[in-house]
Amino acid sequence: MTQRVVVVGGGYAGVMAANRLAGSEGRGSRRSRGPRGAVEVVLVNERDAFVERIRLHEYAAGVRPLPVRPFGDVLHPAVRLEVGRAERIDPAGRRVLLADREVPYDVLVYAAGSTARTDAGTDAGTDEPDVATAESATVARERVRALPPGAAVLVRGAGHTGVELAAELRGRRPDLAVHLLARGGVAPALGARGARAAAVRLGRLGVTVHASERTLPSTALTLRADGFAGASLAAASGLPVDERGRLLVGPDLRAAGDPRVVGAGDGCRVVGPGTDHLRMGCAAALPQGAHAADVALAVLDGRPAPVLDAGFALQCVSLGRGDGIIQTVRPDDTARALRLHGVAAAGVKELVCRRTVHWLAGEARRPGSYRWPAGPRTAAPA
């Protein structure tokens, strides 16, 4: 009997999950796979191509073309692609509802991703474009291109994306005055020393950092990089979500109250012991996507679902084309002492971006090949 796993969302987590699932028929013995029979894998995605989201800030700044790849470059050939917007999930009926059709499932992998977070009182339209999607990054790119020499642009938000966007703008358009609003500090996730290093290097590039809106000058353009929220699909479908719209899942990535819904990536929040370190981003989405596939297969087999064990090794921040910071971290994502700066760090960051696509394509060719760092155990010295 053929059973179907539907993956909603063709980003890093979704493609990784789909590839691992599609290759499951070729891994292990029939006995180890249990009684599930054949597995059909369907990927539901709004676009017919894969977007390298971690490069959208480069695109918005005018550094590179739109970072889009055909799904054939990264997706297992056995995965069936359904192009369309998933409008609602019907957990009771086990189906995904699109505008003009429905896709039934036996197990659902929810990898719908995230959108730019909208603070109270902030227009979510294009008055302040963001770099969270290809569409909004295109608007940002066009606005930047239209700015005359000497114009001032503000990047709102100084996490990794905001820092990288501000640096790329200065490198690509040195004729612009670039301001960065860093209400919570510059790249605080790097740790105190790493954050100071990032602030110093931004200053050398000519980026003016503001700790408060009170010191901001009048600017011709504001670009938003002030965080992400989960896609609206989970909430619209009546699934349990947190205050940012992320699907709530347990340490085994299954949704509360529905063991046939498995979550992965930015659109989910993992809740349970040993999960507080997990952050939104590609470095967490890839392991979660792979693990979600393993959980989906366990559900089809009637086996206990394994618990996610994933940690971190590095944080990578580019500062234009010739500089960056590579911060080594413990598995719980806290900073270690070792950091790399300068051209070498920029090269490592570029290598990491390329490797993400390599890992996705590698999982399509050799399912089960992707590996990731283990999660935190006990506090360990640097």
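See the structure shown above.
In this section: the side chain of Arg173. By the element assignment, Arg173 lies in the loop between helix H5 (160-172) and strand E12 (177-181). Residue Arg173 is classed as buried on the basis of its relative accessible area of 14%. Here Val144 takes part through its backbone oxygen, which lies 2.9 Å from a polar atom of the side chain of Arg173. Residue contacts for Arg173: discarding those within four places in its chain leaves Val144, Arg145, Leu147, Pro148 and Pro149.

Moving on: the packing of helix H1 (residues 12-22) against helix H8 (residues 282-301). Contact geometry of H1 with H8 gives a least axis separation of 7 Å together with a crossing angle of 35°. Seen from above, H1 lies across H8 with right-handed handedness. When H1 is examined against H8, the residues Tyr12, Ala13, Met16, Ala17, Arg20 and Leu21 are found in contact with a partner set consisting of Cys282, Ala285, Leu286, Gly289, Ala290, Ala293, Asp294, Ala296 and Leu297. Split into classes, the residues belonging to the contact of H1 with H8 amount to twelve nonpolar, one polar and two charged.

Attention shifts here to the state of the cysteines. Applying the stated criterion to the full structure yields zero disulfides. There is no disulfide at Cys316, and the cysteine sulfur nearest it, in Cys353, is 7.8 Å away. What makes Cys353 buried here is its relative accessible area of 2%.

So, on to the pairing of strand E22 (residues 335-341). Here strand E21 (residues 324-329) pairs with E22 via four bridges, running antiparallel. Across the sheet, the residue bridging to Gln327 is Arg339, located in E22. Hairpin connection of E21 to E22: five residues between the antiparallel strands, including Asp333 at a positive phi of 80°.

Next up on the list: the pairing of strand E9 (residues 107-110). Neither face of E9 is exposed, since Val107 and Val109 on one face and Leu108 and Tyr110 on the opposite face are all buried. Pairing of strand E1 (residues 3-8) with E9 involves four bridges; the strand directions are parallel. Counterpart to Val7 in the pairing with E9 is Val109. Across three bridges, E9 lies against strand E18 (residues 258-263) in parallel orientation. Residue Tyr110 lies in a different strand from E18, and its bridge partner there is Gly263.

Analysis parameters
Residues numbered from 1 in each chain as written. Predicted model: local features only at pLDDT ≥ 70, side-chain atom pairs only at ≥ 80, totals over all residues. Heavy atoms only, no water. Helix = DSSP H or I, 4+ residues; strand = E, 2+ residues; numbered from the N terminus. Buried < 20%, exposed > 50% of the residue type's maximum accessible area, 1.4 Å probe, protein only. Polar contact = N/O pair within 3.5 Å; in protein donor to acceptor, adjacent residues only side chain to side chain. Contact = heavy atoms within 4.5 Å. Axes fitted to C-alpha atoms, helices over the stretch in contact; angles between N-to-C directions. Left-handed = near helix turned anticlockwise from the far one by under 90°. Nonpolar A, V, L, I, M, F, W, Y, C, P; charged D, E, K, R; others polar. Disulfide = S-S within 2.5 Å. Pairing = 2+ DSSP bridges.

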